[in-house]
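# Working through the structure, step by step
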Amino acid sequence: MHPTCRCRPNPTAAGRQLQRTYEVLEAVGEAEEEAELRVFRVPALNFEALWISYGDEGRDLLVPLHAVGRLVQNEPVPMRDALEALREAAWPLANMDDTMGA
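Please read all numbers here as calculations on a predicted model, not as lab measurements.

## Side note on the sheet that holds strand E1 (residues 36-42)
On the basis of which strands lie adjacent, the open sheet formed by 4 strands has the order E1-E2-E3-E4 and antiparallel pairing. Taken across any chain shown, the strands that pair with only one partner, and hence form the sheet edges, are E1 and strand E4 (77-78). Two strands pair when backbone bridges link them, and E1 and strand E2 (residues 47-53) are joined in this way by 7 bridges, in the antiparallel orientation. Note on E2: the bridge partner recorded for Leu37 is Ile52.

## Looking at the pairing of strand E3 (residues 61-64)
Side chains on a regular strand alternate between the two faces of the sheet. Burial along E3 is two-sided: the residues Leu61 and Val63 and Leu62 and Pro64 are all buried. Two strands pair when backbone bridges link them, and E2 and E3 are joined in this way by 4 bridges, in the antiparallel orientation. Across the sheet, Trp51 pairs through a bridge with Leu62, a residue of E3. Where E3 and E4 come together, 2 bridges link them in antiparallel fashion. Within the sheet, the bridge partner assigned to Leu61 lies in E4 and is Pro78.

## A few points about unusual backbone geometry
Glycine aside, residues mostly have negative phi angles, and peptide bonds mostly take the trans form. Within the chain, Asn46 stands out as a residue other than glycine whose phi angle is a positive 50 degrees. The phi dihedral of Asn74 falls on the positive side, at around 65 degrees, and the residue is not glycine. Summarising the element assignment, Asn74 is placed in the loop between E3 and E4. For Asn74, a relative accessible area of 3% translates into the label buried.

## Brief notes about the pattern of salt bridges
Enumeration according to the criterion identifies 4 salt bridges in this entry. Note that Arg41 is salt-bridged to Glu48, the shortest N-O span being 2.6 Å. With relative accessibility at 55%, the residue Arg41 sits in the exposed group. Arg70 is the salt-bridge partner of Glu84, the closest N and O atoms lying 3.1 Å from each other.

Rules behind the numbers
Residues numbered from 1 in each chain as written. Predicted model: local features only at pLDDT ≥ 70, side-chain atom pairs only at ≥ 80, totals over all residues. Heavy atoms only, no water. Pairing = 2+ DSSP bridges. Helix = DSSP H or I, 4+ residues; strand = E, 2+ residues; numbered from the N terminus. Buried < 20%, exposed > 50% of the residue type's maximum accessible area, 1.4 Å probe, protein only. Salt bridge = Lys/Arg side-chain N within 4 Å of Asp/Glu carboxyl O.

What follows is the structure, encoded as structure tokens:
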């Protein structure tokens with residue numbers, strides 16, 4: 001347990017995901033550059049990620065909270081690569097019948 005965290009470790013899947021996300025953010029936080037933490041959502045794909053913004057899209061990172069397409073949960077990926085992967089994952093939605101719901 002991290003010394004500043006007063007929460008107890010949780011053995012559930014959600015607890016493990018939270019721990020892994022925390023570890024990724026801690027590793028990113030060790031960089032000497034200042035960054036802003038944001039949330040990035042694509043509702044049509046049920047996709048959410050932590051967006052680590054350095055104020056320059058070429059250096060920004062996404063940390064997916066759930067796997068979508070070729071994006072792996074809790075694996076930081078450059079924003080440009082993430083957007084390309086999300087476009088690929090969304091491609092089938094363009095041909096979906098609107099009466100099917102979602």
